[in-house]
Amino acid sequence: MNRLALINELFGMPPNASEHGYQIDHIIEFCHWFMGALFVGWLGFFLYCLVRYHRSRHPWPIMTV
């Protein structure tokens, strides 16, 4: 079995019961890896924004009325 296909085993995918089951498994596998890459990318962007726009680096001006 392909090393990248181990994600399907980790999520408990049942064995193929149809002739084209491997194609469906491949689509699900691709979707899982794609969503993982999106998660890592958005997490990196979120952490970048937290560091870049931290309040101590960009304090708001004090307004008095």
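Use the structure listed above.
First, a word on what this report is: a plain description of the structure on this page. (Residues numbered from 1 in each chain as written. Predicted model: local features only at pLDDT ≥ 70, side-chain atom pairs only at ≥ 80, totals over all residues. Heavy atoms only, no water.)

**As for the overall build of the protein chain**
No. 1: When its secondary structure is counted, the protein chain shows 2 helices and 0 strands.
No. 2: The proportion of buried residues among the 65 residues of the protein chain is 9%.
No. 3: With the model as given, the accessible surface of the protein chain reaches about 6400 Å², and the carbon-plus-sulfur share is 71%. (Helix = DSSP H or I, 4+ residues; strand = E, 2+ residues; numbered from the N terminus. Buried < 20%, exposed > 50% of the residue type's maximum accessible area, 1.4 Å probe, protein only. Areas by Shrake-Rupley, 256 points an atom, 1.4 Å probe, with all protein chains shown as cover.)

**Points about helix α2 (residues 21-52)**
No. 1: Taking 1.5 Å as the rise per residue, α2 with 32 residues should run 46 Å; its terminal C-alpha atoms sit 46 Å apart, in good agreement.
No. 2: Where the residues of α2 are buried, they touch α1 (6-10). (Expected span 1.5 Å × (residues − 1). Contact = heavy atoms within 4.5 Å.)

**Examining a nonpolar patch on the surface**
No. 1: There is a patch of nonpolar side chains on the surface, built from Phe-30, Phe-34, Met-35, Leu-38, Trp-42, Phe-45 and Tyr-48 and spanning about 800 Å² of accessible area.
No. 2: Following the sequence through the fold, Phe-30 ends up in helix α2.
No. 3: Classification of Phe-30 by relative accessible area gives exposed; the value is 54%. (Patch = residues over 30% accessible without salt bridge, like charges linked within 9 Å, V, L, I, M, F, W, Y side chains within 5 Å. Salt bridge = Lys/Arg side-chain N within 4 Å of Asp/Glu carboxyl O.)

**Focus on the side chain of Asp-25**
No. 1: Tracing the backbone through its elements, the reader meets Asp-25 in helix α2.
No. 2: Setting aside anything within four residues of it in sequence, one finds Asp-25 in contact with Asn-8, Met-13 and Asn-16.

**Notes on the environment of Phe-11**
No. 1: Mapped onto the elements, Phe-11 comes out in the loop between α1 and α2.
No. 2: Counting along the chain gives 21 residues from Phe-11 to His-32, while the straight-line C-alpha distance between them is 9.9 Å.

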